Amino acid sequence: MPAVVKRTTLHPCLNVPSDVFPRDEAALYGLLDDQHDIPTPSVRHTASGVHERELHLEVVEGISVARARNPETRRALAVSTSQQLAAIHSVDPYSLGSWLRWPGWKAWRETLHLWLLDVTRQLGAYPCCRDIVATSREWLASLPTAPRTAPALVHGDFNGTNVVVNELTCSTCAILDWDWATIGDPCLDLVKISLEARALSPARLIDPVDWPLFQFEYENAVGLRHSATGARLSLTYRFYSLVQILPYLLASILQLPGGSEPYVEMARCLMDIARDAP
(Lines give C-alpha, C1' and ligand atoms only; values in the text may rest on other atoms or scores of the structure.)
Protein backbone atom coordinates (compact mmCIF):
# COMPACT_ATOMS: atom_id res chain seq x y z
CA MET A 1 0.00 0.00 0.00
CA PRO A 2 1.25 3.52 -0.71
CA ALA A 3 2.52 5.58 2.19
CA VAL A 4 2.04 9.33 2.45
CA VAL A 5 4.76 11.06 4.42
CA LYS A 6 3.62 13.91 6.64
CA ARG A 7 6.26 15.92 8.44
CA THR A 8 5.51 17.27 11.86
CA THR A 9 4.16 20.81 12.10
CA LEU A 10 2.81 22.65 15.10
CA HIS A 11 -0.14 24.92 15.73
CA PRO A 12 0.56 27.62 18.32
CA CYS A 13 -2.33 26.40 20.49
CA LEU A 14 -0.67 23.03 21.01
CA ASN A 15 2.39 24.06 22.99
CA VAL A 16 3.87 20.59 22.51
CA PRO A 17 7.60 20.11 21.89
CA SER A 18 8.28 18.91 18.37
CA ASP A 19 10.61 16.13 19.49
CA VAL A 20 7.79 14.32 21.31
CA PHE A 21 4.94 15.24 18.98
CA PRO A 22 4.99 12.21 16.64
CA ARG A 23 4.81 9.81 19.56
CA ASP A 24 1.93 11.78 21.04
CA GLU A 25 0.02 11.90 17.77
CA ALA A 26 0.40 8.14 17.41
CA ALA A 27 -0.95 7.74 20.93
CA LEU A 28 -3.90 9.98 20.09
CA TYR A 29 -4.67 7.86 17.04
CA GLY A 30 -4.81 4.76 19.21
CA LEU A 31 -7.11 6.38 21.77
CA LEU A 32 -9.49 7.74 19.15
CA ASP A 33 -9.66 4.53 17.15
CA ASP A 34 -9.82 2.05 20.03
CA GLN A 35 -11.87 3.91 22.63
CA HIS A 36 -14.02 6.32 20.63
CA ASP A 37 -14.46 4.59 17.25
CA ILE A 38 -13.03 7.59 15.35
CA PRO A 39 -11.37 6.20 12.20
CA THR A 40 -7.69 7.15 12.04
CA PRO A 41 -4.79 5.87 9.91
CA SER A 42 -2.19 3.49 11.25
CA VAL A 43 1.19 5.06 11.99
CA ARG A 44 4.78 3.94 12.19
CA HIS A 45 7.95 5.82 13.01
CA THR A 46 11.03 5.95 10.80
CA ALA A 47 14.44 7.58 11.11
CA SER A 48 15.68 10.09 8.55
CA GLY A 49 18.97 11.78 7.94
CA VAL A 50 17.25 15.16 7.90
CA HIS A 51 14.26 14.70 10.18
CA GLU A 52 14.63 12.61 13.30
CA ARG A 53 11.04 11.42 13.13
CA GLU A 54 8.38 11.31 10.46
CA LEU A 55 4.83 10.06 10.45
CA HIS A 56 3.79 7.67 7.72
CA LEU A 57 0.06 7.51 7.14
CA GLU A 58 -1.01 4.22 5.59
CA VAL A 59 -3.69 5.07 3.03
CA VAL A 60 -5.87 2.25 1.73
CA GLU A 61 -5.38 1.89 -2.01
CA GLY A 62 -8.46 2.75 -4.05
CA ILE A 63 -9.88 5.08 -1.41
CA SER A 64 -9.73 8.84 -1.81
CA VAL A 65 -11.64 11.98 -1.02
CA ALA A 66 -14.90 11.66 -2.89
CA ARG A 67 -16.07 14.28 -5.34
CA ALA A 68 -19.80 13.71 -5.37
CA ARG A 69 -21.09 13.56 -8.92
CA ASN A 70 -24.80 13.97 -8.26
CA PRO A 71 -27.07 15.49 -5.60
CA GLU A 72 -27.77 12.13 -3.93
CA THR A 73 -24.12 11.25 -3.30
CA ARG A 74 -23.38 14.87 -2.44
CA ARG A 75 -26.03 14.82 0.29
CA ALA A 76 -24.79 11.44 1.52
CA LEU A 77 -21.30 12.93 1.88
CA ALA A 78 -22.69 15.91 3.81
CA VAL A 79 -24.52 13.59 6.22
CA SER A 80 -21.53 11.26 6.68
CA THR A 81 -19.02 14.03 7.35
CA SER A 82 -21.36 15.92 9.68
CA GLN A 83 -21.87 12.80 11.77
CA GLN A 84 -18.12 12.16 11.82
CA LEU A 85 -17.36 15.68 12.97
CA ALA A 86 -20.10 15.39 15.60
CA ALA A 87 -18.45 12.19 16.84
CA ILE A 88 -15.12 14.02 17.18
CA HIS A 89 -16.68 16.92 19.06
CA SER A 90 -18.57 14.52 21.33
CA VAL A 91 -15.38 12.90 22.61
CA ASP A 92 -14.61 13.89 26.19
CA PRO A 93 -11.26 15.63 25.60
CA TYR A 94 -10.17 14.95 29.18
CA SER A 95 -10.38 11.22 28.47
CA LEU A 96 -7.39 11.60 26.15
CA GLY A 97 -4.98 12.04 29.04
CA SER A 98 -2.04 14.41 28.77
CA TRP A 99 -1.86 14.42 24.96
CA LEU A 100 -3.96 17.58 24.77
CA ARG A 101 -3.18 20.43 27.11
CA TRP A 102 -6.04 22.69 28.14
CA PRO A 103 -5.11 26.04 29.70
CA GLY A 104 -8.73 27.21 29.87
CA TRP A 105 -10.85 29.37 27.58
CA LYS A 106 -9.15 32.64 28.39
CA ALA A 107 -5.61 31.40 27.80
CA TRP A 108 -6.66 29.48 24.68
CA ARG A 109 -8.30 32.52 23.11
CA GLU A 110 -5.44 34.79 24.12
CA THR A 111 -2.94 32.44 22.45
CA LEU A 112 -4.88 32.54 19.20
CA HIS A 113 -5.37 36.28 19.48
CA LEU A 114 -1.68 37.03 20.02
CA TRP A 115 -0.72 34.68 17.19
CA LEU A 116 -3.09 36.45 14.78
CA LEU A 117 -1.83 39.86 15.88
CA ASP A 118 1.72 38.75 15.05
CA VAL A 119 0.67 37.40 11.64
CA THR A 120 -1.18 40.66 10.95
CA ARG A 121 1.89 42.67 11.93
CA GLN A 122 4.00 40.71 9.43
CA LEU A 123 1.40 41.16 6.68
CA GLY A 124 1.46 44.90 7.35
CA ALA A 125 4.89 45.08 5.70
CA TYR A 126 3.29 44.33 2.31
CA PRO A 127 1.34 47.18 0.65
CA CYS A 128 -0.85 44.70 -1.25
CA CYS A 129 -2.30 43.55 2.08
CA ARG A 130 -3.09 46.99 3.49
CA ASP A 131 -6.88 46.58 3.30
CA ILE A 132 -6.72 43.01 4.63
CA VAL A 133 -4.61 44.12 7.58
CA ALA A 134 -6.97 47.01 8.39
CA THR A 135 -10.01 44.71 8.39
CA SER A 136 -8.19 42.05 10.41
CA ARG A 137 -7.21 44.55 13.10
CA GLU A 138 -10.80 45.78 13.28
CA TRP A 139 -12.10 42.24 13.74
CA LEU A 140 -9.43 41.36 16.29
CA ALA A 141 -10.37 44.43 18.31
CA SER A 142 -13.85 42.87 18.63
CA LEU A 143 -12.54 39.58 19.97
CA PRO A 144 -15.54 37.62 21.27
CA THR A 145 -15.67 36.56 24.89
CA ALA A 146 -15.15 32.95 25.89
CA PRO A 147 -17.89 30.84 24.27
CA ARG A 148 -20.76 29.51 26.31
CA THR A 149 -20.11 25.94 25.32
CA ALA A 150 -18.28 22.97 26.72
CA PRO A 151 -14.68 22.60 25.52
CA ALA A 152 -14.35 19.90 22.90
CA LEU A 153 -11.77 17.96 20.95
CA VAL A 154 -11.14 20.14 17.89
CA HIS A 155 -9.49 18.74 14.76
CA GLY A 156 -8.34 22.15 13.52
CA ASP A 157 -8.00 21.30 9.81
CA PHE A 158 -11.13 19.31 8.98
CA ASN A 159 -11.51 19.57 5.19
CA GLY A 160 -11.63 17.47 2.05
CA THR A 161 -7.88 16.92 1.91
CA ASN A 162 -7.82 15.37 5.38
CA VAL A 163 -10.92 13.20 5.23
CA VAL A 164 -10.58 9.85 3.47
CA VAL A 165 -13.92 8.86 1.96
CA ASN A 166 -15.15 5.69 0.29
CA GLU A 167 -16.16 6.85 -3.19
CA LEU A 168 -18.85 4.17 -3.47
CA THR A 169 -20.65 4.75 -0.17
CA CYS A 170 -19.54 8.34 0.62
CA SER A 171 -18.74 7.14 4.14
CA THR A 172 -15.72 8.33 6.10
CA CYS A 173 -12.83 5.86 6.25
CA ALA A 174 -10.19 7.88 8.11
CA ILE A 175 -9.44 11.34 9.44
CA LEU A 176 -5.88 12.50 8.72
CA ASP A 177 -3.55 15.25 9.95
CA TRP A 178 -4.33 15.78 13.62
CA ASP A 179 -1.33 18.06 14.14
CA TRP A 180 -3.63 21.07 14.76
CA ALA A 181 -5.84 19.15 17.18
CA THR A 182 -6.50 20.77 20.52
CA ILE A 183 -9.11 21.25 23.22
CA GLY A 184 -11.06 24.32 22.27
CA ASP A 185 -14.12 25.75 20.60
CA PRO A 186 -15.74 23.33 18.09
CA CYS A 187 -16.90 26.36 16.10
CA LEU A 188 -13.35 26.55 14.73
CA ASP A 189 -13.98 23.35 12.73
CA LEU A 190 -17.49 24.42 11.73
CA VAL A 191 -16.34 27.82 10.49
CA LYS A 192 -13.63 26.22 8.35
CA ILE A 193 -16.12 23.87 6.71
CA SER A 194 -18.64 26.65 6.14
CA LEU A 195 -16.05 29.09 4.79
CA GLU A 196 -14.66 26.58 2.29
CA ALA A 197 -18.16 25.61 1.19
CA ARG A 198 -19.20 29.22 0.60
CA ALA A 199 -15.95 29.93 -1.26
CA LEU A 200 -16.37 26.80 -3.41
CA SER A 201 -12.88 25.69 -2.38
CA PRO A 202 -11.51 22.59 -4.15
CA ALA A 203 -10.89 21.18 -0.65
CA ARG A 204 -14.51 21.68 0.47
CA LEU A 205 -16.37 18.77 2.01
CA ILE A 206 -19.81 20.09 1.15
CA ASP A 207 -21.45 22.50 -1.27
CA PRO A 208 -23.24 25.63 -0.04
CA VAL A 209 -26.64 24.16 -0.91
CA ASP A 210 -25.96 21.27 1.50
CA TRP A 211 -24.84 23.42 4.46
CA PRO A 212 -28.33 23.43 6.09
CA LEU A 213 -28.40 19.62 5.87
CA PHE A 214 -24.88 19.35 7.27
CA GLN A 215 -25.76 21.72 10.11
CA PHE A 216 -29.02 19.90 10.92
CA GLU A 217 -27.35 16.48 11.05
CA TYR A 218 -24.48 17.83 13.14
CA GLU A 219 -26.71 19.53 15.70
CA ASN A 220 -29.00 16.51 15.82
CA ALA A 221 -25.98 14.39 16.76
CA VAL A 222 -24.29 16.64 19.34
CA GLY A 223 -27.20 18.68 20.68
CA LEU A 224 -27.25 22.43 21.20
CA ARG A 225 -24.13 22.53 23.37
CA HIS A 226 -22.01 22.86 20.21
CA SER A 227 -24.59 24.71 18.11
CA ALA A 228 -23.33 26.25 14.88
CA THR A 229 -25.99 28.95 15.04
CA GLY A 230 -26.86 31.81 17.32
CA ALA A 231 -25.78 35.39 17.96
CA ARG A 232 -22.35 34.38 19.27
CA LEU A 233 -21.35 32.99 15.88
CA SER A 234 -21.33 36.36 14.10
CA LEU A 235 -18.16 37.62 15.81
CA THR A 236 -16.80 34.13 16.32
CA TYR A 237 -17.15 33.39 12.60
CA ARG A 238 -14.98 36.37 11.70
CA PHE A 239 -12.41 35.56 14.36
CA TYR A 240 -12.00 31.93 13.31
CA SER A 241 -12.02 32.94 9.65
CA LEU A 242 -8.86 34.92 10.33
CA VAL A 243 -7.33 31.76 11.80
CA GLN A 244 -7.98 30.07 8.46
CA ILE A 245 -7.08 32.97 6.15
CA LEU A 246 -4.14 34.98 7.50
CA PRO A 247 -1.48 32.29 8.11
CA TYR A 248 -1.95 30.80 4.64
CA LEU A 249 -1.77 34.25 3.06
CA LEU A 250 1.46 35.06 4.88
CA ALA A 251 2.97 31.70 3.93
CA SER A 252 2.04 32.26 0.27
CA ILE A 253 3.64 35.71 0.22
CA LEU A 254 6.82 34.45 1.87
CA GLN A 255 7.11 31.49 -0.50
CA LEU A 256 6.01 33.28 -3.67
CA PRO A 257 6.96 36.94 -3.21
CA GLY A 258 6.55 37.69 -6.92
CA GLY A 259 3.48 35.62 -7.59
CA SER A 260 1.27 35.99 -4.55
CA GLU A 261 -1.42 38.16 -6.20
CA PRO A 262 -3.93 35.29 -6.61
CA TYR A 263 -3.59 34.41 -2.92
CA VAL A 264 -4.16 38.03 -1.90
CA GLU A 265 -7.32 38.14 -4.02
CA MET A 266 -8.49 34.84 -2.53
CA ALA A 267 -7.93 36.21 0.96
CA ARG A 268 -10.06 39.26 0.09
CA CYS A 269 -12.79 36.99 -1.25
CA LEU A 270 -12.78 34.84 1.90
CA MET A 271 -12.92 37.89 4.14
CA ASP A 272 -15.88 39.24 2.19
CA ILE A 273 -17.62 35.91 2.77
CA ALA A 274 -16.74 35.98 6.48
CA ARG A 275 -18.03 39.57 6.77
CA ASP A 276 -21.48 38.54 5.49
CA ALA A 277 -21.71 35.16 7.21
CA PRO A 278 -23.35 33.38 8.84
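Owing to the predicted nature of the structure, the values given are computational and were not obtained by experimental measurement. Each residue is numbered by its place in its chain's sequence as written, counting from 1. The predicted origin of the model limits local features to residues at a pLDDT of at least 70 and limits the giving and counting of side-chain atom pairs to 80 or more, whereas totals for whole chains, interfaces and linings rest on all residues. In computing side-chain values, all of the structure's heavy atoms are included and hydrogens and water are not.

Q: I'd like a rundown of the overall build of the protein, residues and numbers included.
A: What the protein contains, in helices and strands, is 8 helices and 7 strands. Partly exposed describes any residue whose relative accessible area lies between the buried limit of under 20% and the exposed limit of over 50%, with all areas from a 1.4 Å probe on protein chains only and scaled to the type maximum. A total of 278 residues make up the protein; the buried ones form 51% of that total. In this analysis, two residues are considered to be in contact whenever any of their non-hydrogen atoms come within 4.5 Å of each other. Taking all contacts inside the protein whose residues are at least 6 apart in sequence as the whole, residues at least 24 apart take part in 77%. Note on areas: Shrake-Rupley with a 1.4 Å probe; residue coverage comes only from the protein chains shown. Here the protein has roughly 13000 Å² of accessible surface; of this, 55% comes from carbon and sulfur atoms. Per the convention used, a helix needs a DSSP run of H or I reaching at least four residues, while a strand needs a run of E reaching at least two, with both numbered from the N terminus.

Q: Could you give an account of the packing of helix α2 (residues 71–90) against helix α6 (residues 211–222), naming the residues involved and the relevant values?
A: For the pair α2 and α6, interaxial distance at closest approach is 8 Å and the crossing angle is 35 degrees. The two elements α2 and α6 cross, and the hand of that crossing is right-handed. Facing Arg75, Ala78, Val79, Thr81, Ser82, Gln83, Leu85, Ala86, His89 and Ser90 of α2, the residues of α6 in contact are Leu213, Phe214, Glu217, Tyr218, Ala221 and Val222. For this scheme, ten residues count as nonpolar: Ala, Val, Leu, Ile, Met, Phe, Trp, Tyr, Cys and Pro. Four count as charged, namely Asp, Glu, Lys and Arg, and the remainder, Gly too, count as polar. Among the residues making up the contact of α2 with α6, the classes are represented as 9 nonpolar, 5 polar and 2 charged. Lines fitted to C-alpha atoms define the axes, with helix axes restricted to the stretch in contact, and inter-axis angles between N-to-C directions lie between 0 and 180 degrees. Left-handed describes a crossing whose near helix is turned anticlockwise from the far helix through less than a right angle; right-handed describes the clockwise counterpart.

Q: Give a description of the environment of tyrosine 263 that names residues and reports values.
A: Residue placement: tyrosine 263 occurs in helix α8 (residues 261–276). Given the relative accessible area of 41%, tyrosine 263 is considered partly exposed. Linking tyrosine 263 and isoleucine 253, residues 10 residues apart in sequence, is a C-alpha distance of 8.0 Å. Excluding anything up to four places from it in sequence, tyrosine 263 contacts Leu249, Ser252 and Leu256.

Q: Report on unusual backbone geometry, specifying residues and quantitative values.
A: For leucine 200, which is not a glycine, the phi torsion comes out positive at approximately 55 degrees. Take leucine 200: its relative accessible area is 52%, and that puts it in the exposed class.

Q: Before we move on, can you summarise the nonpolar core with the specific residues and values?
A: In terms of nonpolar packing, the biggest core is built from 36 residues, with Leu112, Leu116, Leu123, Tyr240 and Leu249 touching the most fellow members. The set of elements that each furnish at least two residues to this core consists of α3 (105–123), α4 (130–141), α5 (187–198), α7 (232–255) and α8. If sequence neighbours within four positions are ignored, leucine 123 has contacts with Cys129, Val133, Leu246, Leu249, Leu250 and Ile253. Definition used in this section: a nonpolar core is a set of buried Ala, Val, Leu, Ile, Met, Phe, Trp, Tyr and Cys residues joined via side-chain atoms within 4.5 Å. Ranked by size, the runner-up nonpolar core spans 29 residues in total, among them Leu28, Phe158, Val163 and Ile193.

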